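# Structure at a glance
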Amino acid sequence: MTSATPPPPAEPATPTAPTGPAAPTGPAARLPWLPVAAAGVTVVLWASAFVSIRSAGAAYAPGALALGRLLTGALVLGLLCLVRREGVPPRAAWPGIAVSGLLWFGVYMVVLNWGEQEVDAGTAAMVVNIGPILIALLGARLLGETVPPRLLAGMAVSFAGAVTVGLSMSGEGHASVLGVLLCLLAAVAYAGGVVAQKPALAHASALQVTTYGCLTGAVACLPFAGQLVHGVAGAPLSATLNMVFLGVFPTALAFTTWAYALARTTAGRMGATTYAVPALVVLMAWLALDEIPAPLTLGGGALCLAGVAVARSRPRRPRTA
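Nothing here was measured: the structure is a model prediction, and the numbers come from that model.

## As for the overall build of the protein chain
Helix and strand counts for the protein chain stand at 14 helices and zero strands. Beginning at the N terminus, the succession of helices and strands in the protein chain can be written as α-α-α-α-α-α-α-α-α-α-α-α-α-α. Scored against the burial criterion, the 321 residues of the protein chain give a buried share of 46%. For the protein chain, contacts bridging at least 24 residues in sequence account for 92% of all contacts bridging at least 6.

What follows is the structure, encoded as structure tokens:
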């Protein structure tokens, strides 16, 4: 009687890698500089907005200017969504979109326009630049983000630079208590809007979050529609063109590139990036308006840029033998 042939030994199982979050794919993975470039576009366009706000604000009331800017931005963004065939954001993204739309696109734009009519540019710059600090604190408290020492150090340097720029630009300007409070409210609304927007970007695209946030802000500003109609009828063409510029570039384009970059980093690091705005405003005023900055202003701008570089840097990894 023959014995049964023993089965061949089983091949050892190929070890599988532990499961975890998938590595990022798409253009952002192949071109890691894209988020940095997007943040740069945002900062440059937001810096350019200060000149346009000054021009348009002389002919339009604060609420009317905000509404006209938001309606223009919503129209451009809506057309982009149609071209790209991006539908309505999923339900999970709407809480963040609604809060950021009300706070950042709505409250922030109105009170900042109003505040800049009550205080000089230097005071407004100093108070509003509290925003990035609030973003870092709120991001750590509500989003669980870490606040590394380099970020804190960079923000401290940049804030000192923003204060220096503000003091050098204040001159003999005026600063009412109401204006300071309005600028402070703008900083709080800006910080709250950024922190609310960050979770929404986990569920919807940057274009969707920006489009519907802008639309939410426009709806919130509809009570100023009468002022807008009156302003368009009596404002010079240059002021209206500046309002349209604000809607197309610093709003539709810059807020979208901001959301794209924010989805790929922390709210604190993105907030620190905006400290480059005061330095760029000084440079643009020098080049475009022939406003020669004082040495103190140049020094403050350099501090702003140095602080951003520190805040955005990463510690060096130790070399392996």
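The discussion continues.
## Observations concerning the packing of helix α2 (residues 34–57) against helix α4 (residues 94–118)
Running from amino to carboxyl end, α2 crosses α4 at an angle of 60 degrees, the nearest separation of the two axes being 11 Å. Considering their axes alone, α2 and α4 lie oblique with respect to each other. The crossing of α2 and α4 is right-handed. Facing α2, whose interface residues are Trp46, Phe50, Ile53, Arg54 and Gly57, α4 presents Trp104, Asn113, Glu116 and Gln117. Considering only residue class, the contact of α2 with α4 consists of four nonpolar, three polar and two charged.

## Thoughts on the nonpolar core
Core analysis: the largest hydrophobic core is formed by 76 residues, its most contacted members being Tyr60, Trp104, Tyr108, Val194 and Trp258. It is helix α11 (residues 237–262) that contributes the most residues to this core, ten residues altogether. When neighbours within four sequence positions are excluded, tyrosine 108 is seen to be in contact with Leu103, Val128, Ala186, Ala189 and Tyr190.

## Quick look at the packing of aromatic side chains
Applying the stated criterion to the full structure yields eleven aromatic pairs. A ring pair is formed by phenylalanine 105 and phenylalanine 255, whose centres lie 4.6 Å apart and whose planes are at 40 degrees; its orientation type is tilted. Within this pair, whereas phenylalanine 105 is found in helix α4, its partner phenylalanine 255 is found in helix α11, the two being separated by 150 residues in sequence. Through successive ring pairs, a cluster of aromatic residues spans Trp46, Trp104, Phe105, Tyr108, Tyr190, Phe255 and Trp258. The ring of tyrosine 260 carries the charged tip of arginine 264 above its face, separated from the ring centre by 3.8 Å.

## Remarks on a nonpolar patch on the surface
A contiguous nonpolar surface patch, about 360 Å² in accessible area, is contributed by Val177, Leu181, Leu184 and Val188. Mapping valine 177 onto the fold places it in helix α8 (residues 177–200).

## What to know about the environment of proline 223
Topologically, proline 223 is positioned in the loop between α9 (206–220) and α10 (225–234). The exposed category is assigned to proline 223, whose relative accessible area is 68%. On a C-alpha basis, the gap between proline 223 and leucine 67 in space is 9.1 Å, while along the polypeptide they are 156 residues apart.

## A few points about α11
Here α11 is 26 residues long and its end C-alpha atoms lie 35 Å apart, about the 38 Å a rise of 1.5 Å per residue gives. At alanine 254, α11 shows its maximal kink, close to 30 degrees.

Thresholds, definitions, all that
Residues numbered from 1 in each chain as written. Predicted model: local features only at pLDDT ≥ 70, side-chain atom pairs only at ≥ 80, totals over all residues. Heavy atoms only, no water. Helix = DSSP H or I, 4+ residues; strand = E, 2+ residues; numbered from the N terminus. Buried < 20%, exposed > 50% of the residue type's maximum accessible area, 1.4 Å probe, protein only. Contact = heavy atoms within 4.5 Å. Axes fitted to C-alpha atoms, helices over the stretch in contact; angles between N-to-C directions. Parallel < 35°, antiparallel > 145°, perpendicular 65-115°, else oblique. Left-handed = near helix turned anticlockwise from the far one by under 90°. Nonpolar A, V, L, I, M, F, W, Y, C, P; charged D, E, K, R; others polar. Core = buried A, V, L, I, M, F, W, Y, C linked by side-chain atoms within 4.5 Å. Phe/Tyr/Trp six-rings, centres within 6.5 Å; stacked < 30°, edge-to-face > 60°. Lys NZ or Arg CZ within 6 Å of the ring centre and 35° of its normal. Patch = residues over 30% accessible without salt bridge, like charges linked within 9 Å, V, L, I, M, F, W, Y side chains within 5 Å. Areas by Shrake-Rupley, 256 points an atom, 1.4 Å probe, with all protein chains shown as cover. Salt bridge = Lys/Arg side-chain N within 4 Å of Asp/Glu carboxyl O. Expected span 1.5 Å × (residues − 1). Bend = angle between axes of the 7 residues up to and from the residue.

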